[in-house]
Structure formats: structure tokens, C-alpha cells
Amino acid sequence: MILQIKDLTKSFGRVEVLRGISLDVDEGEVVALIGASGSGKSTLLRCVNRLETPTSGQVFFSGQEITSSNCTEVRKDIGMVFQRCNLFPHLSALANVTLAPRKVLHVPDDQAEREGRELLDQVKLGLKADSFPGELSGGQQQRVAIARAMALKPKVMLFDEPTSALDPELVGEVLEVMRDLAKTGMTMIVATHEMGFAREVAHRVLFLDQGKILEQGPPDQVLANPKEERTREFLARVLGR
Amino acid sequence: MRIFAAGLLLLLSGLGFGQSSLEAIRRRGELIICTDATYPPFEYMDAQKMVGFDVDIGNAIGAELGVKTRWISLEWAGVLGSLESGKADIAMAGVTITEERKTKGYLFSRPYCLSGQVIARRAGDLRIQKPQDLKDKRVSVQAETTGQFAVDRIGVPKDHQLRFDQIQDGLMDLRNKKSDATVGDLPVIKAILNKGYPEIELAGPVFVEENLGIVAWKTNVNLVSQINMALATIMVDGRYAAAYKKWFGEPLTPGIIGKLEAAKGAGSKVPEFVDNAPAPTDLGKRVSGSAFTFRWDLIGTAAPLLLLGARLTLALTALSILIGIPSGLMFALMRMSSIPPLKWIGTVYIEVVRGTPLLMQIYVIYFVLPAIGIELPSFAAGVLALSLNAAAYIAEIFRAGIESIDSGQMEAAKSLGMDYRAAMSYVILPQTVRRVLPPLTNEAVALLKDSSLVSVVALSELMRVGKEIATNSGSPTTVYLTVAVFYLAMTLPLTWLVRRLENRWQPISRPRDRKGRKAVAA
């Protein structure tokens, strides 16, 4: 068990966004988070690497509780990809990827560059190493963002709806990269609206509803034969059935 | 005594010519007297009322002419200019009668007061006893006054002269031990010392004697004749004696009256008895047209001096910006800090500095800090004041710049294991710098212009040098236009350079724009 979430709650003012989430994630497991907008998927991910401070509850990474004093350390092992990829616009694709290894892990420049180019090759952007984010398409930007998050060799990757902001024709290339990543045995938690992706890649699907895990299980079960009425409604809406 | 220092006020006021003949004054029933009410005991503000020797004498003259008086107070640089433009009929501001001023078109009444230059020193400082002792000392004076010229004649080198806008500042400088002596008008220094400078005393008697006169523009010969008559009357009927005793604190002696009588010829030559007769044609017709000619011949002598001033202006500005940028960034980060004491300090600093005038800050740093043991020479005080001031404005520029960066950037940096410092250094600030460059340039240009304010602590920067040259040039317009060119020569390359930098950075911050779309202002 690499990640353990216990009774996590998060409120923004009076609004309860997460209302007691408990979740264990095994090493190599791919967990898909589905649910309507506002159900708490993003907030859950952001509480895991402490971009948001939980209101109550605990998160353990490899048995160690993540606190505000150790979160900077722990984040090196937990990569994150955002909906709006948040690339650094003043740096080239390669520099985006190598920045954290150079400045956080103090990897020598030449080694960081070599590894950075390998990562860009992996996301099939080896030829765009010197392009700036503004010169790349949305899909390419998101693939650079994945390579950037991978550069610290994290043990867990968090994906916060990585394809939601993309033009439909660009979604495929990003999902393909994520699929490849899952095949390498990376532990992933993916908030997504791509049910096809969830069914194909995820080991487990969680349905979040109003800040709670309403239903979870293997994709075949949750996506094909949901037990809960609300899950069925949600899937019907998303899949247009 | 103060010499004609033509300022921009003169330039502006020279545009319109009014009528202020004796007849016009009588029709109006009012004599308009221009002065600069910062000059005790001649004229100063006492509880919102202008009082002083000149005020009493001027009012007595008005009474003699059968009209009321109206006093207007301007900055000294504009006082004499107001005569030429007709905004005032006469000037009474403790003005020294000089031949140079007569040639510029001013008429003087007969001397109405004797004055002279004296040396002030710190009490008991026996190194300073006579004018020759000043040669190797630092001497403060009021800029462009006969006090400064007296110091010139003694042979005090220019870099030992501390030139202030007001004699009060010179005396404060003396008290703060930055100057060794102050040279100025006896009555004025005496009046100021009486109000509370126990640390300062006079060293010896008057060493240059001067006559003060009432000034009018050259078309007003009749008026001056009338004023001379009025003066003669009040000098014997007791009104003059009363004012003298009241303001100089000692009785008027026959000796003084004798001296004033003897010096009668120092004033302008005007007919002695005139009553509404037309003015002599040769004087009356020479109403100067204000047709402006650019005096190219002045440039040769002015340019090297202005260049020196520009160099100081540039040095002050460059140093202040160099200090102001890192300190501004520091204050911005403090203000945005989540640690309450830091936030509090940053906020208070920025608001206090932005909420008070730069001039006041310069005064505080130069004149007030010595009271708590912090002694700074002029240049250091100037740089400190300018950079502390700039820091507050730059802090707000940085704050706005940092806050304009998308919050996702900080989150992305944090998610990559960066701490606040690393995220700021490698992600946020590099983007901020590009955004704040235009407002930062504005600040640099503003600072370059504001640096003229440090002339109050005796720094001969460009504007001060310009003023000084203009005073003796005979064509202030030429000098000020040249000064403007010097300022532009410094500010335009700066804005041009930054525009180039911005264009060069454009592909990085807004890459798409390179392909033809116009950049939208951030």
C-alpha cells in the first residue's frame, strides 16, 4: 500500500467539498476517479499532495503521514498533471522538464538534459524540446506537463482531468501517453470524464458524489453494472445513454 | 542679498503684459506688492498673517500714495518676473540693488534699508573669525544670492560651497556639523538665530555692505519717483523708525539715516519730482517685446556645466534604481508574506513612503537623522532618500506583477517539490520581471525627474545647475530649453531600450504573437 487516505474532509468556508474519504491505493494500481463536476475529484487529488490543506483526516505516503512540514519533500515522489497544464511559459519544453531535477534534486545539467530528452521522446515530443509552451498545441503541452511531472521519477502520479480542457481531437494523444505510463506499472490516480479510458486502463473505478465515495470496484462492475442509482444517472448522462 | 534668480515662473509669467502705471494703480485704488514670505524679519508668515519690516514700509508707502496695498507671496524665483508680466506693481523682498539687475530692466527706489553679509559659525568655533578663514572650510549659503557671490569672491572652492534654496537650511546644515560656516544677510540670519539656534553665533561684523531697494519694472518711472518721495516722508515722520525698532530690535540712529541718505544714488536715476507727468519717452517706449530668440551663443558655456549636472542626476538615478529594485522586491515580498510582522512592516513602509512627499523624505534624511546620530553627506543622503522612495513604488509594481501571474504556476512549481524560495526564483519572478519592465521604466523615468528635488540638500544636479546658469544668462528660456533637451537625452534612450527588450522577450512570454497578431497589453 503506497497511499492511504483516512477520513479526509475538506471545507471551503461553509461548503463541505469532501465529507470523509478513505482510500487505500496499492503500488502499481491505477485508480480512476469519476463523478460530476463539483463532486470533489480535484479537491481530493489536491489534498493528497497538500496543495490544499485538509480540514481533517490524514494522508499517508509509504506509511508516513503527509504534513505541512514534510509536504515539500513528499511532493518529489508524487507527480501531478493539471487540467490546465500550467507549463512555465518562459521556459522551453526541455527546460520545463529539467527545471525540477536541476533545482530540486540538484542533478547535473548535462544529466538532467539527457534524461529530459528521453522523457520528451517517451511522450513523443523529442523534436519539440526547444519549443516554448506557447508554440505547442494543447495536447502537446499536456504531454510536456506529463514528462515534467515524470522528471522527478515519482512513485505516484496524480492526474486532475488532464484532457478536459483539450479540443476533442487532441484527447487521444494524451490518453495514449497515459496508457503507456500505466503499462510501466506506475501508480496513478486519474480524475477523468473519459469512461473508455477508465474502463480500459483502470484497475479500480471510484464514483464520487457530493464529497463521498458512493461506489467503487473494478471498471466492469462500476461502469457496466453500477449498484447505485446515482451512479447510473451519472453514467447515463456522460455516456449519453 | 538675493539676486535675480529667474525661474520657470518668470518664463510663464512673461507671456502676458499687464499695465501697472501709476495712473492704473490709482484708478484701481490698490498697489500690488510681490514678495516671498519666507524671509524674516523682512517678510514672513506669522499665524497666517504676513508680517515684517517690508510689510510695514510697503503699507506706509501705499498710504502715502493714497491707495490700499495687496501682498502676493511667490517663490523667490518668480518674484521679479511678476513685475515684468504686470502681475505686481512693485517687489519688496529684501532685494539688493545691483547694477546687473538694473541692466535687465528693473528700476530701484533709493535704498530703504542697509544690509550686508555676515559669517555664522557654531558657537565657540574659533577657527572661523574672518572671511579669509573660510577658504578651506565648507560654507553653506543660499543659492544665487549675494551671499554666495561673497563666498565666491573670498575664494572658497565650488565643491566646498553647500548651496541651499533657503538660508534656514544652510543654518541647519551648519548646526548638524556638515558645514563649518554659513554666509548670509545680517538681518535675516540674526532674526533666524533669535528664534532658536543657541548652537550658532555670528563671527564678526558685516564684511560686505549692501543696499536694499524697492523694485519696479522699467516702464514705471513715475511710480518709483513717487515711492522715493514716500520713503523720504516716512523716514522723517517716525513711521520708518517705528518699523525699524520693531523688526530689527534696535533703535534707528541718526548714523543709519545718514548712511541711507548718502547711499541715495544707488537707486535708479529717476526724476525727483514727478506728478502724473508722462514718463520720459526714451524709457517709456522701450517696453520690451517678448519676442524670443534662442541664444545659441550661450550653449557653449552652458553645456559643459549642464553636462556635469546631468552626470550627477544620472548617477543619483542609476544608484537609486539599483538599490530600489532589490529593496522594492523585498518590501513587496514582505507585504505579501503570510507572517504577520513581516506583512505589517512591508505594508506600513509602503504606505508611509507613498503617502508622504519625496521632498519631506529628503529633508528628514538630511536634516533630521543627524539629530539621532546618523550623519550622511549630501550625495549619500540624496541616494538614500531617492532609493527608499523608489523602493516603495517599485514594491507595489512588483506586487501587482507577482499577483498577475496565474496561481497555477505556483501550484505547478509546488507540485514539483519546489519550496517557496525556489518557486519564486525560477518560476514566478522570471515571469514577473517581463511584466513589470514597462512600469519599472516609468518609475525610473519618474525618478530621474524627481531627482531634481535633492537640490535642497545642496546637490548640483541638472535642474539646479540649469537654474543657476539661467540666473546670470539673460536668457532663461534658452537655458531651460537646453535643460529640457538634456533630460530628454537621458529619458528617451531609456524608454527606447526597454521597448527593445520587451520586443525581444515577446516570443517567450507571448509566443503566438510572433506570428503576426498584435500583442494585447497585459
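Relevant structure appears above.
The written sequence of each chain sets the order in which its residues are numbered from 1. The lettering of chains begins at A and the numbering of ligands begins at 1, in the order of writing. This being a predicted model, a pLDDT of at least 70 is required before a residue's local features are given, and a value of 80 or more before pairs of side-chain atoms are given or counted; all residues contribute to the totals for chains, interfaces and linings. Here the side-chain values reflect all heavy atoms present in the structure, with hydrogen atoms and water set aside.

Chemist: Tell me about the sheet that holds strand β6 (residues 90–91) of chain B, and please be specific about residues and values.
Modeler: What links the strands of a sheet is backbone hydrogen bonding, and the strands pair in either a parallel or an antiparallel sense. Residues and elements named next belong to chain B. For two strands to count as paired, DSSP must find a minimum of two bridges between them. Only DSSP runs of H or I with at least four residues qualify as helices, and only runs of E with at least two residues qualify as strands; both kinds are numbered from the N terminus onward. With mixed pairing, 5 strands are arranged side by side in an open sheet as β5-β1-β6-β13-β7. Only two strands of the sheet have a single neighbouring strand rather than two, namely β5 (68–73) and β7 (106–108). Strand direction decides the pairing type here: β7 and strand β13 (residues 215–217), joined by 3 bridges, are antiparallel. Each residue of the ladder has a partner; that of Leu 107, found in β13, is Ala 216. Note on contacts: a residue pair is in contact if any heavy atoms of the two residues lie within 4.5 Å. Between N-to-C directions, angles span 0 to 180 degrees; the directions come from axes that are lines fitted to C-alpha atoms, helices contributing only their stretch in contact. Relative to β5, helix α3 (residues 53–65) is tilted by about 145 degrees, and along the sheet it contacts β1 (30–35) and β5. The strands that helix α10 (residues 221–236) touches are β1, β6, β7 and β13; relative to β7, the one it contacts most, it runs at about 20 degrees.

Chemist: Kindly report on the interface of chain A and chain B, identifying the contributing residues and their values.
Modeler: In this complex, chain A contributes 27 residues to the contact, which on the side of chain B involves 21 residues. Summed over both partners, the accessible area (1.4 Å probe) lost when two parts come together is defined as the buried area. For the chain A and chain B pair, buried surface summed over both sides reaches about 2,100 Å², with 60% attributable to carbon and sulfur atoms. The largest contributions to the chain A side of the interface with chain B come from A:Phe88, A:His90 and A:Glu135, which together make up 25% of the buried area. Think of a salt bridge as a Lys or Arg side-chain nitrogen and an Asp or Glu carboxyl oxygen that are within 4 Å of each other. Connecting chain A to chain B are 2 salt bridges. The shortest N-O distance in the salt bridge between B:Asp406 and A:Arg84 comes to 3.1 Å. N or O atoms within 3.5 Å of each other form a polar contact, as long as, within protein, one can give a hydrogen and the other can take it, and as long as residues adjacent in sequence are counted only when both atoms are side-chain atoms. At the boundary of chain A with chain B, the tally comes to 5 residue pairs in polar contact (both at pLDDT 80 or more). Broken down by secondary-structure element, the contributors of at least two residues to the side of chain A that touches chain B are β6 (78–81), α3 (93–103) and α5 (138–150) of chain A.

Chemist: How would you sum up the pattern of salt bridges? Please name residues and give values.
Modeler: All names here are of chain B. Scanning the model with the defined rule gives 40 salt bridges over all chains in all. Asp 165 is the salt-bridge partner of Arg 464, the closest N and O atoms lying 2.5 Å from each other. You can see Arg 464 sitting in helix α20 (residues 462–473) and its partner Asp 165 sitting in the loop between β10 (161–164) and α8 (167–175), a full 299 residues away along the chain. The class of Arg 464 is buried, set by a relative accessible area of 3%. A salt bridge links Arg 354 to Glu 396, with the nearest nitrogen and oxygen atoms 3.8 Å apart. Taken as a pair, Arg 354 in helix α15 (residues 340–354) and Glu 396 in helix α17 (residues 378–403) lie far apart in primary sequence, 42 residues in all. Its relative accessible area of 33% is what places Arg 354 among the partly exposed residues. One salt-bridge network, in which partners are shared between bridges, spans Arg 335, Glu 351, Arg 354, Glu 396, Arg 399 and Glu 403. We call a residue buried when its accessible area falls under 20% of the maximum for its residue type, exposed when it is over 50%, and partly exposed in between, using a 1.4 Å probe and counting protein chains only.

Chemist: How would you explain the sheet that holds strand β4 (residues 49–51) of chain B if you had to name every residue and give the values?
Modeler: Spatial strand order, β2-β3-β4 (chain B): 3 strands in an open sheet with antiparallel pairing. In the strand order of this sheet, the two ends are held by β2 (38–39) and β4 of chain B, each with one partner.

Take it as geometry only, folks, not as evidence of what the structure does.
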